[in-house]
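A structural walkthrough
Below are the chains, spelled out letter by letter.
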Amino acid sequence: MTPPGSILGTAVRRVEDPDLLRGRGTFVDNLASRRDDVLHAVFVRSPMAHARIAGIDVADAAAAPGVVGVLTSADLAEPVPLFATANEKVPRFALARDVVRYVGDPVALVVATSRAAAADAAELVDVDYDPLDAVVDPEAAAEPGAVQIHPELPRNVAIRRIDEGDPLDDAEVVVRARIENNRLATAPIEGNAVLADPTPDDAGHRLTVWLSTQHPHLGRHLISRFSGLDRKQIRVVAPHVGGAFGGKAGISPDHAAVVGAALHLGQPVAWTETRSEAMLSMHGRGQVQYVELGLTREGRITGLRARVLGDCGAYAGFGGSFSSGSTRTMAQGPYVIPRIRYDGVSVVTTTTPVGAFRGAGRPEAAALLERVLDLAADELDLAPEEIRRRNFVAPDAFPWDTFSGRTYDSGDYDLPLTEALRLADVDGARAEQARLREAGGPRQLGIGIASYVEITGFGGKEHGFVHVHDDGSATVRSGTSAHGQGHATAFSMIVSDRLGIDVGRISYEQSDTAVVPTGGGTGGARSLQMGGLAVAQASAELRDRARRLAAELLEASVDDVERDDEGFAVRGVPDAHVGWAALAAEADERGEPLQVSTTFEQEHATFPFGTHVAVVEVDTETGLVRPVRHVAVDDAGRVVNPLLLAGQQHGGSLQGISQALWEQFVYDDDGTPLTSTFADYPMPTAADVTMIEAHSTETPTPYNELGVKGIGEAATIGATPAVQNAVVDALSHLGVRHVDMPCTPVRVFAAVRAAAAGDTDPWREPPGVFTDPTIDDDEAPDDVEV
C-alpha cells in the first residue's frame, strides 16, 4: 500500500506532454532539417524477394547533380552487429552482398546535398538481378526441397529445440488446434531515423550519432563494433523517439549504412525512413502453433504439448527465435500444468526479417494457451471462467517454479478474473447473447475471456542519478530510454516522494551517452522496476547524506532530524529548519555537490498478470466483427501513477484488439508485399474500436522495495486472445470452433460456411521438421528484452 501523504499512487499529469503538444519535439528529422551542413541519404532497395545481384552500375547516379557519393556493399564490407539474431551463422551486412533476400533489402546508398537530389539519383542506380525462387510460408520453408535461402542453414532451419516425452498419455480428454499468430507491421508513428556526424567535438568524441532507438548505450556499443572506433570516441543521443514497440532495438543495418557513409565521406549524413520503407523494415509476431491440451473429465489440466514454428524472415531475424525462447518460457501461463512438452522451430523465409512487437513472444504464448483452453471448456461443457479457475496457481503457492525454469514472484490470478467478470457484467451479456440466438437474426454477440501472466524486467542492473541544485531544484537521470512511456513523470514522482521536492522543480535527463554513463535502455517492460528503482535508490542515498549535513548545520543529532516539505527540521523545535537550496549551496561550497550516482540490481524477473473480457458483435451474413466492450483488469504490482498505467493499458489493448481483428502483413507467393501501405494494411482508427475500460488490481512483487512490476506489454497480451475467443463464442452455436487471426469478414464468413458443411476440426498435423532426425537440435535461446 502507498504510505499516507505519498505522491506515489496519484494521477499526476505527464510532464513530458507540453513540449510535444507545442511542437518543441527534438526528433532526429527535426535536428537534421535545422542544419545546413548535413548530407542526406536515400537507399536503393530490392524490388525482388530473392535474386542474385549480377551487377550494380552507379556511374550515372554518381554523376547526378548534388550527389556526393554512392555506396555499395564493396564500400561497407564489415558485417553489422545486431541487437540479436536467431542464428549467428547468418551474417547481416549494411548493404546486400551477392544476393537479396526480401523486397526492401538495401542494395546501395546514395548520399547527396538534399533528400530530393538523393532520391532522383537513386533512380539512376542500375541493378541487374537474376531471379531466384521465393518462399514466404514458414511451413513450406521447412519442407524438404524448399529453396535454401542461406547456405549456412540447411532446410532453412535457424533453431530447432525438441523436448521428449508424451504429456498426454494419461489424459481423459484431449483438445487440439493449429493456430496462426499473424505477422504484423510494427508501424510506429516515427520510422527509423539517424543523423551521424563525424566532426570531432571538444569532449573527445570522433563520432556523434542522433538515433531513434530504444537502447542508446547498446547502440553505441554496436556502432563501435561496426566502425572500429572505441566506445569512448562515440556519443549516441536518442532525442524524442516517436514510438518503437520493440522495432527499434539497438541499431539496424540501415543505421549502420548511414554511419558508415558519414565516416567514409567525412561529413554529417542523415536519413529518415519513409512510411513505405517503415512498412518493410519492422515486423513482429509470425508463428504457426500446433497445440494439444490434455485434461481430466472434471476439467483439470494433465498435460500440454506445443509445437511452435517461428518465422524469422530473412537473415535469421531474432523475432523468429521466440518460438523456442520467450513463447516457450510463458507457455504455462497462470496455470498448474503437471507435464509439458514444448518443441520450437525457427525458419527463415524470403520476407522482411522479423523482430519484436509489443510483448515479444509472450502474447503468442497467451494466445495459444487461451485459445485451446476455450476449446477445452466447450468440449467439457464448462464456462470459460470455470475451467480457468480450476487450474490457476493458488495465491498461497508463490513463489511458483515453472517448467521453463522461471519462478513466478507473486500472484492472485482469480482476483482480476473476478473483477473483470463483474465490471463487464458477463451474466448480463450472456443473457443478451441467449436472446439474440433465440431470435435467430444475423447479429450475434460473443463474450471472450483471457487470463495471462507475463515476464518483465528480466533482472540485471540499471543506472540512477539524482542531483539537488543550489536553487532547490533537482535533476534526475536513468539509463532507461523513454519513447512515450512517461519516465520523466514517474521518476520525478519517485524523487519527489523521497526528497519532498515538487515534481515541477525536477528535470529529467536521459538517452545521451555523454551525460548518462551507462544504461540498459527500454524494453521488456523493465523501466519502472529497474530505472525507477535506481532513481529511488539514488534518492534514498542522497536523502540520508542530506540529513547528516542538515544535522550538522542545525547542530542536532541525526536521529532528531526529519524531512519536512522543503528540506529538514529538528523534531520538536519549530524554528530549526534548513531547506534544500541551503543544503545544496553548502555542499557545493564544500566541493561535495549534493548528488548521488548509483547502480540498482534486481536478481529476478517479475510476472504481472490479469484478465481481459471482450464483447463483440458479429454479423453472420457478412462476417463483420464490431467491438462492443473491452474490459481490462491488469495487475502490475504497486501502481505509481494510475494515469500512466491506464495509458499503457489503452495503447496495449488497442494493439491487441487490432491483431485479433484487422492487422496482418501479407505476401504473395513471389514474396511481393500486398499490404505495404496504410491503404492496404488495416491500421484501425478511433472510429473502429470501442472505449477501453481500464482497471487494475495490486499484488506487489517482493523483488523490489516499491513492489512494482511492468505494464508496458501486459494489455496487449490479454487483449488479443480475449477478442479472438469472443469472435468464436459468437459463432459457437453455429458449430464454429476456431477462427484464425485476424478475424476478418472473409475468415469469419468462411468459418460459418465450413461449419455448415460439417468442417469444424481446427487441427492439422505439424510439418515433418519437428520429427526429422536429420536436423540438428539447438540450445534454447535466451529471452529477449524488447
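Residues numbered from 1 in each chain as written. Predicted model: local features only at pLDDT ≥ 70, side-chain atom pairs only at ≥ 80, totals over all residues. Heavy atoms only, no water.

This paragraph deals with helix H13 (residues 426–439). For H13, built from 14 residues, the straight-helix expectation of 20 Å at 1.5 Å per residue is met to within 8% by its first-to-last C-alpha distance of 20 Å. The complete set of buried residues in H13 reads Val-426, Ala-429, Gln-433 and Leu-436. Buried residues of H13 fall within an arc of 80° about the axis and therefore sit on the same side. Pointing more than 90 degrees away from the buried face of H13 are the exposed residues Asp-427, Glu-438 and Ala-439. Elements that come into contact with the buried residues of H13 comprise helix H12 (414–423), strand E20 (443–453), strand E28 (609–619) and helix H18 (714–731). Looking one or two places after H13, you find Gly-440, whose phi comes out positive at around 80°. (Helix = DSSP H or I, 4+ residues; strand = E, 2+ residues; numbered from the N terminus. Expected span 1.5 Å × (residues − 1). Buried < 20%, exposed > 50% of the residue type's maximum accessible area, 1.4 Å probe, protein only. Arc of directions from axis to C-beta. Contact = heavy atoms within 4.5 Å.)

The next thing to look at is the sheet that holds strand E24 (residues 561–563). Within the open sheet, the three strands sit side by side as E24-E25-E26. Their pairing is antiparallel. Of all strands in the sheet, those with a lone pairing partner are E24 and strand E26 (573–579), marking the two edges. The sheet shows a mean angle of 30° between the axes of neighbouring strands, taken without regard to direction. With four bridges connecting them, strand E25 (residues 567–570) and E26 associate as antiparallel partners. Opposite Ala-569, over in E26, you have His-577 as the bridge partner. In the packing of helix H15 (residues 527–554) onto the sheet, contacts are made with E24, E25 and E26, and the angle to E25 comes to roughly 45°. Sitting on the sheet, helix H16 (residues 580–589) touches E25 and E26, and the angle it makes with E26 is about 50°. (Pairing = 2+ DSSP bridges. Axes fitted to C-alpha atoms, helices over the stretch in contact; angles between N-to-C directions.)

Let's shift gears to the packing of aromatic side chains. Under the defined criterion, the tally for this structure stands at 16 aromatic pairs. For the ring pair Phe-245 and Phe-357, a centre distance of 6.4 Å and an interplane angle of 55° mean the geometry is tilted. Residue Phe-245 is located in the loop between strand E12 (234–237) and helix H7 (253–265), and its partner Phe-357 is located in the loop between strand E17 (340–348) and helix H10 (362–380); the two are separated by 112 residues in the primary sequence. A relative accessible area of 28% places Phe-245 in the partly exposed class. On the accessibility criterion, Phe-357 (3% relative accessible area) is buried. Plain terms: the ring middles of Phe-491 and Tyr-508 are 5.6 Å apart, the flat faces sit at 80° to each other, and that makes the pair edge-to-face. Remark: Tyr-508 occurs in strand E23 (residues 506–509) and Phe-491 occurs in helix H14 (residues 487–499); sequence separation between them is 17 residues. Here the two residues Phe-491 and Tyr-508 agree in accessibility, since each one is buried. Members of the aromatic cluster, each reached through a chain of ring pairs, are Tyr-335, Phe-392, Phe-398, Tyr-413 and Phe-609. Above the face of the Trp-763 ring, Arg-176 is positioned so that its terminal group lies 5.7 Å from the ring centre. (Phe/Tyr/Trp six-rings, centres within 6.5 Å; stacked < 30°, edge-to-face > 60°. Lys NZ or Arg CZ within 6 Å of the ring centre and 35° of its normal.)

Interhelical geometry of H10 versus H18 gives an angle of 30° and a closest axis separation of 8 Å. The angle between H10 and H18 falls in the class roughly parallel. With respect to the hand of their crossing, H10 and H18 are arranged in right-handed fashion. The segment H10 lies against H18, with Arg-362, Pro-363, Ala-366, Ala-367, Glu-370, Arg-371 and Asp-374 engaging Ile-717, Pro-721, Gln-724, Asn-725 and Val-728. Residues of the contact of H10 with H18, tallied by class, amount to six nonpolar, two polar and four charged. (Parallel < 35°, antiparallel > 145°, perpendicular 65-115°, else oblique. Left-handed = near helix turned anticlockwise from the far one by under 90°. Nonpolar A, V, L, I, M, F, W, Y, C, P; charged D, E, K, R; others polar.)

Attention now goes to the side chain of Lys-248. Assignment of secondary structure puts Lys-248 in the loop between E12 and H7. A distance of 2.8 Å separates a polar side-chain atom of Lys-248 from the backbone oxygen of Glu-190. (Polar contact = N/O pair within 3.5 Å; in protein donor to acceptor, adjacent residues only side chain to side chain.)

A few words on a negative patch on the surface. Residues Asp-57, Asp-60, Asp-126, Asp-128 and Asp-130 make up a contiguous surface patch of negative charge. No other element matches strand E6 (residues 126–131), which puts three residues into the negative patch. With a relative accessible area of 48%, Asp-126 lands in the partly exposed category. (Patch = residues over 30% accessible without salt bridge, like charges linked within 9 Å, V, L, I, M, F, W, Y side chains within 5 Å. Areas by Shrake-Rupley, 256 points an atom, 1.4 Å probe, with all protein chains shown as cover. Salt bridge = Lys/Arg side-chain N within 4 Å of Asp/Glu carboxyl O. Lys, Arg positive; Asp, Glu negative; His and termini not counted. Charge placed at Lys NZ, Arg CZ, Asp CG, Glu CD.)

Once that is clear, we can look at the sheet that holds strand E4 (residues 99–100). Read across the open sheet, the three strands follow the order E4-E2-E6; overall the sheet is antiparallel. Sheet topology places E4 and E6 at the edges, where each strand pairs with a single neighbour. Both strand E2 (residues 51–57) and E6 contribute to a ladder of six bridges, which runs antiparallel. Following the sheet pairing, Ile-56 is matched in E6 by Val-127.

It is worth spelling out the nonpolar core at this point. Formed by 54 residues in total, the largest nonpolar core has its most connected members in Leu-293, Leu-295, Ile-387, Tyr-413 and Val-613. Element by element, the count of residues in this core is highest for H10, at nine residues. Other than its neighbours up to four places away in sequence, Leu-293 contacts Leu-168, Val-173, Val-174, Val-175, Ile-301, Gly-303, Leu-304, Val-372, Leu-373 and Ala-376. In this structure, Ala-96, Val-110, Leu-153 and Val-347 belong to the second largest nonpolar core, which totals 46 residues. (Core = buried A, V, L, I, M, F, W, Y, C linked by side-chain atoms within 4.5 Å.)

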